[in-house]
Amino acid sequence: LPIDQARLPVECEIDDKTLKHAEQIIGLLRFDAGKWCLQPLAVKLAKATIVAGEGIMDLRAKQKSKTFSILSERASKLLRG
């Protein structure tokens, strides 16, 4: 069954090397343009499990927390001043 990597996010941790060493793959079975393919959502390796887009969510959470801390600092300065 072919793997549909075109549907994975650009910054996704799941790549060809990861898929080759995978013990298990959880994904969506897709039927597009008359062909079946598998869109990987999670890959289980010997020592870790990789979820598609997990790193992207961590990055967004860090950016939000940084933005929040900057806004909190500015708000406290305005209230003091």
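The shown structure was predicted, so the numbers you read here are calculated from the model rather than taken from an experiment.

## Description of the overall build of the chain
What the chain contains, in helices and strands, is two helices and three strands. Walking the chain from its N terminus toward its C terminus, one meets helices and strands in the order α-β-β-β-α. As presented, the chain carries roughly 6600 Å² of accessible surface, and 59% of it is formed by carbon and sulfur atoms.

## A word on the sheet that holds strand S2 (residues 35-44)
Taken together, the three strands give an open sheet; going across it, the order is S1-S2-S3, and neighbouring strands pair in antiparallel fashion. Both edges of this open sheet fall to strand S1 (24-32) and strand S3 (49-51), since each of them pairs with a single strand only. Strand-to-strand, the axes of this sheet are offset by a mean angle of 40°, without reference to chain direction. Inspection of the sheet shows S1 paired to S2 by nine bridges, in the antiparallel sense. Bridged to Leu29 within S2 is Leu38.

## Comments concerning the pattern of salt bridges
All told, the structure shown has two salt bridges when counted by the stated rule. Residue Asp32 is joined to Arg30 by a salt bridge in which the shortest nitrogen-to-oxygen separation is 3.5 Å. On the accessibility criterion, Arg30 (21% relative accessible area) is partly exposed. Between Lys77 and Glu73 there is a salt bridge, with the nearest N and O atoms lying 3.4 Å from each other. A residue pair is termed a helical-turn pair when its members lie 3 or 4 positions apart in one helix, as Lys77 and Glu73 do in helix H2 (residues 54-80) at four residues. Glu73 gets classed as partly exposed once you look at its relative accessible area, which sits at 44%.

## Section: the packing of aromatic side chains
Applying the stated criterion across every chain yields a total of one aromatic pair. Between Phe31 and Trp36, the aromatic rings sit 4.9 Å apart at their centres with planes inclined by 55°, giving tilted as the arrangement. A relative accessible area of 46% means that Phe31 is categorised as partly exposed.

## A few points about the nonpolar core
Membership of the largest hydrophobic core is limited to seven residues, which are Leu8, Cys12, Ile14, Leu19, Val43, Leu45 and Ile50. Contacts of Val43, omitting those with residues within four sequence positions, involve Ile14, Thr18, Leu19, Ala22, Gln24, Ala48, Thr49 and Ile50.

## Some remarks on the side chain of Asp4
Within the secondary structure, Asp4 is located in the segment before helix H1 (16-20). Once residues within four sequence positions are removed from consideration, Asp4 is found in contact with Arg30, Cys37, Leu38, Gln39 and Pro40.

## What to know about unusual backbone geometry
With a phi angle near 55°, Ala33 is a residue other than glycine that sits in the positive phi range. Assignment of secondary structure puts Ala33 in the loop between S1 and S2.

Rules and cut-offs
- Sequence order as written defines residue numbering, which begins from 1 separately in each chain.
- Side-chain atom pairs in this predicted model are given and counted only at pLDDT of 80 or more, local residue features only at pLDDT of at least 70, and totals for whole chains, interfaces and linings cover all residues.
- As a rule here, side-chain values cover all heavy atoms of the structure and leave hydrogens and water aside.
- Counting from the N terminus, the helices are the DSSP runs of H or I reaching at least four residues and the strands are the DSSP runs of E reaching at least two.
- Accessible surface is estimated by sampling points in the Shrake-Rupley manner with a 1.4 Å probe; for residues, cover comes only from the protein chains shown.
- By this definition, two strands are paired if DSSP reports at least two bridges between them.
- The angle between two axes is taken between their N-to-C directions and runs from 0 to 180 degrees, where each axis is a line fitted to C-alpha atoms and a helix contributes only its stretch in contact.
- What counts as a salt bridge is simple: a side-chain nitrogen of Lys or Arg found within 4 Å of a carboxyl oxygen of Asp or Glu.
- We call a residue buried when its accessible area falls under 20% of the maximum for its residue type, exposed when it is over 50%, and partly exposed in between, using a 1.4 Å probe and counting protein chains only.
- A pair of Phe, Tyr and Trp rings is counted when the ring centres sit within 6.5 Å of each other, with Trp represented by its six-membered ring. The angle between the planes then sorts it: under 30 degrees is stacked, over 60 is edge-to-face, the rest tilted.
- Note on terminology: a nonpolar core comprises buried Ala, Val, Leu, Ile, Met, Phe, Trp, Tyr and Cys residues joined through side-chain atoms within 4.5 Å.
- In this analysis, two residues are considered to be in contact whenever any of their non-hydrogen atoms come within 4.5 Å of each other.

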